2 protein chains.
Amino acid sequence: MSNAPFAAVLHLLRAHSLLEERFAGELASIHGLALKDALLLMHLARAPLTRLSRVDLAKRLNASPSTITRTCLPLEKLGLVGREDDQRDARLSYVVLTDAGRARVAEAEATLRQKSADLFSDRWSEAEIATLADLLGRLTAGQPGRLS
Amino acid sequence: MSNAPFAAVLHLLRAHSLLEERFAGELASIHGLALKDALLLMHLARAPLTRLSRVDLAKRLNASPSTITRTCLPLEKLGLVGREDDQRDARLSYVVLTDAGRARVAEAEATLRQKSADLFSDRWSEAEIATLADLLGRLTAGQPGRLS
DNA sequence: CCAATATTATTCCGAATGCAAGCATATATA
DNA sequence: TATATATGCTTGCATTCGGAATAATATTGG
């Protein structure tokens, strides 16, 4: 039996811890956003009309609807997202990115890009990074919530 | 500017969500262990004398010492781990794997290996899986808490 | 048209976590 | 030796999260 799948999973779990440690702090101190906040805003920024329903956000973020509700509350107070009711379905209330939110997520994303680059700055060739991105992308192919 | 580092990070975050979703449920229902419990036991199983101090466990699991204390409590009640005081340093209290813990972690690890293999059962060559494991391993090289 | 079911969002509650504080012990320094 | 500092662990507190229950609305099937 091959050991590679198990090793890949264990290393992925460890790498995730590393990312949280390296990214969360600076993202919060510079932009006032938790990593999950930034990901939420990034999903909005990439959505048509820069808005999504809460269940849609929940699926993309692998979170429960209650988490989305609570996560959005502070973002609303900060004026980064707003609410829009659907004309045809009174149950839906979209989370929509405001202009301030658009600006903030652009800044946060720039920081994330920079820190992502830093992560590979040592002993990584461009081809290796691309291979890693490709393989990880295949792992989540067909999943909702792809964020490119 | 290359987009590969950012794509790799985003895909890694997504892949981690996928793992949690696919692994946590079955691991809990079959073995009565959360994923973090299993990882803790696996670290113990690989340690000399199958025991580690709590701060050591905290570093390896990227958790706070208080989390380790509280995580170990139920495992103690289940008889999977025990306590051992250090002869020379009265501050230390090792978490040591019991025989029951050794058996349980072996079962859980077998399940994890199987589910890891399942994760790549479609459209993945052995070489690709090995490459992914290798690249992820390089990402966490030099970090504490490597688990192979 | 009406009843049954499904969907969306929110709130409540229990579980898990980190930080800060506190306690006990060990090490370093004067 | 005596004091100051560092280390290991635990506990209290605040925060975050998911699941269940709830409420409002929509859809489906008779």
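Structure: above.
Residues numbered from 1 in each chain as written. Chains lettered and ligands numbered in written order. Predicted model: local features only at pLDDT ≥ 70, side-chain atom pairs only at ≥ 80, totals over all residues. Heavy atoms only, no water.

Novice: Explanation requested: the protein's contact with DNA strand D in the structure shown.
Specialist: Within the structure, DNA strand D sits among 23 residues, and Lys36(A), Thr67(A), Thr69(B), Arg83(B) and Arg91(B) are positioned closest to it. Here the atoms of DNA strand D within 4 Å of the protein split so that 66% fall in sugar or phosphate, with bases taking the remainder. Contact distances for DNA strand D include 3.1 Å between a base oxygen and a side-chain N or O atom of Ser66(A). Those elements giving two or more residues to the surface near DNA strand D turn out to be helix H4 (65–77) of chain A together with helix H3 (54–61) and helix H4 (65–77) of chain B. When grouped by side-chain class, the residues that make up the surface near DNA strand D number five nonpolar, nine polar and nine charged. (Near = heavy atom within 4 Å. Polar contact = N/O pair within 3.5 Å; in protein donor to acceptor, adjacent residues only side chain to side chain. Helix = DSSP H or I, 4+ residues; strand = E, 2+ residues; numbered from the N terminus. Nonpolar A, V, L, I, M, F, W, Y, C, P; charged D, E, K, R; others polar.)

Novice: Explanation requested: the sheet that holds strand E2 (residues 81–85) of chain A in the structure shown.
Specialist: Backbone-to-backbone hydrogen bonds pair the strands of a sheet. The strands run either parallel or antiparallel. All names here are of chain A. Pairing is antiparallel across the open sheet formed by three strands, whose spatial order is E1-E3-E2. Both edges of this open sheet fall to strand E1 (51–52) and E2, since each of them pairs with a single strand only. Across five bridges, the pairing between E2 and strand E3 (residues 93–97) is antiparallel. Looking at E3, one finds that Glu84 is bridged to Tyr94. (Pairing = 2+ DSSP bridges.)

Novice: Would you explain the protein's contact with DNA strand C in this entry?
Specialist: Around DNA strand C, the structure places 23 residues, and the nearest of them are Arg54(A), Thr69(A), Arg83(A), Arg91(A) and Thr67(B). For DNA strand C, the fraction of atoms within 4 Å of the protein that belong to sugar or phosphate moieties is 66%. In this structure, Val55(A) approaches DNA strand C through a main-chain N or O atom, which is 2.8 Å from a phosphate oxygen. At a separation of 2.9 Å, a base nitrogen of DNA strand C approaches a polar side-chain atom of Ser66(B). The residue makeup of the surface near DNA strand C, split by class, is five nonpolar, nine polar and nine charged.

Novice: Is there a simple way to think about the sheet that holds strand E3 (residues 93–97) of chain B in this case?
Specialist: All names here are of chain B. Reading across the sheet, the three strands line up as E1-E3-E2 and stay open at both edges, with antiparallel pairing between neighbours. Strands with a single pairing partner mark the edges of an open sheet, and in this sheet they are strand E1 (51–52) and strand E2 (81–85). Of the strands in this sheet, E1, E2 and E3 touch helix H2 (residues 35–46), which is tilted by about 95 degrees from E3. (Contact = heavy atoms within 4.5 Å. Axes fitted to C-alpha atoms, helices over the stretch in contact; angles between N-to-C directions.)

Novice: It is not clear to me how the relation of the copies chain B and chain A should be interpreted in this structure. Could you clarify?
Specialist: Each copy of the chain is related to the other by a rotation around an axis and a translation along that axis. Mapping chain B onto chain A leaves a residual RMSD of 0.1 Å; the transformation is a rotation of 180 degrees accompanied by 0.0 Å of translation along its axis. Here the copies are linked by what is in effect a two-fold axis. (Least-squares fit on C-alpha atoms with pLDDT ≥ 70 in both.)

Novice: Explain the packing of aromatic side chains to me, please; I cannot follow it from the model alone.
Specialist: Aromatic ring pairs are reported here in terms of the distance separating the ring centres and the angle at which the planes meet. Under the defined criterion, the tally for this structure stands at two aromatic pairs over all chains. Arranged with centres 4.9 Å apart and planes meeting at 80 degrees, the rings of Phe120(A) and Trp124(A) form a pair that is edge-to-face. Comparing Phe120(A) with Trp124(A) shows no difference in burial state: the two are buried. Seen from the ring of Trp124(B), Arg138(A) lies directly overhead, with NZ or CZ sitting 4.6 Å from the centre. (Phe/Tyr/Trp six-rings, centres within 6.5 Å; stacked < 30°, edge-to-face > 60°. Buried < 20%, exposed > 50% of the residue type's maximum accessible area, 1.4 Å probe, protein only. Lys NZ or Arg CZ within 6 Å of the ring centre and 35° of its normal.)

Novice: Would you mind showing me how to read the pattern of salt bridges here?
Specialist: All names here are of chain A. Inspection of the entire model under this criterion finds 22 salt bridges over all chains. Arg113 is the partner of Glu109 in a salt bridge, and the nearest nitrogen-oxygen pair spans 3.3 Å. Of this pair, Glu109 and Arg113 are both found in helix H5 (residues 99–119), four residues apart, which corresponds to roughly one turn of the helix. Judged by relative accessible area, which is 22%, Arg113 ranks as partly exposed. Salt bridges sharing partners connect three or more residues here, namely Arg46, Glu109 and Arg113. (Salt bridge = Lys/Arg side-chain N within 4 Å of Asp/Glu carboxyl O.)

Novice: When you look at the environment of Gly32(A) in this model, what are you seeing that I'm missing?
Specialist: Residue and element names in this part refer to chain A. The topology assignment puts Gly32 in the loop between helix H1 (4–31) and helix H2 (35–46). Among the residues examined, Gly32 registers a relative accessible area of 47% and is labelled partly exposed. For the pair Gly32 and Ala108, spaced 76 residues apart in the sequence, the C-alpha separation amounts to 9.2 Å.

Novice: Help me understand the layout of surface pockets, please; the structure alone is not making it clear to me.
Specialist: Any empty space left between atoms is shown by rolling a water-sized probe over those atoms. If you add up the space inside the largest pocket, you get close to 520 Å³. In terms of lining residues, the largest pocket is bounded by 24 residues, among which Lys36(A), Leu39(A), Leu61(A), Leu13(B) and Ser17(B) are the most central. Residue assignment for the lining of the largest pocket shows that the elements contributing at least two residues are H1, H2, helix H3 (54–61) and H4 of chain A together with helix H1 (4–31) of chain B. Looking at the lining of the largest pocket, the element that brings in the most residues is H1(B), giving six residues. Of the residues assigned to the lining of the largest pocket, the class counts are eleven nonpolar, eight polar and five charged. The volume enclosed by the second largest pocket comes to roughly 440 Å³. Lining the second largest pocket are 23 residues, with Leu13(A), Ser17(A), Lys36(B), Leu39(B) and Leu61(B) sitting closest to its centre. When contributions to the lining of the second largest pocket are tallied by element, the ones reaching two or more residues are H1 of chain A together with H1, H2, H3 and H4 of chain B. Element by element, the count of residues in the lining of the second largest pocket is highest for H1(A), at six residues. (1 Å grid on protein atoms, 1.4 Å probe; cavity = no way out; pocket = protein on both sides within 12 Å on 5 of 7 lines; lining within 4 Å. Points joined across faces, edges and corners; volume = space filled by probe spheres on them.)

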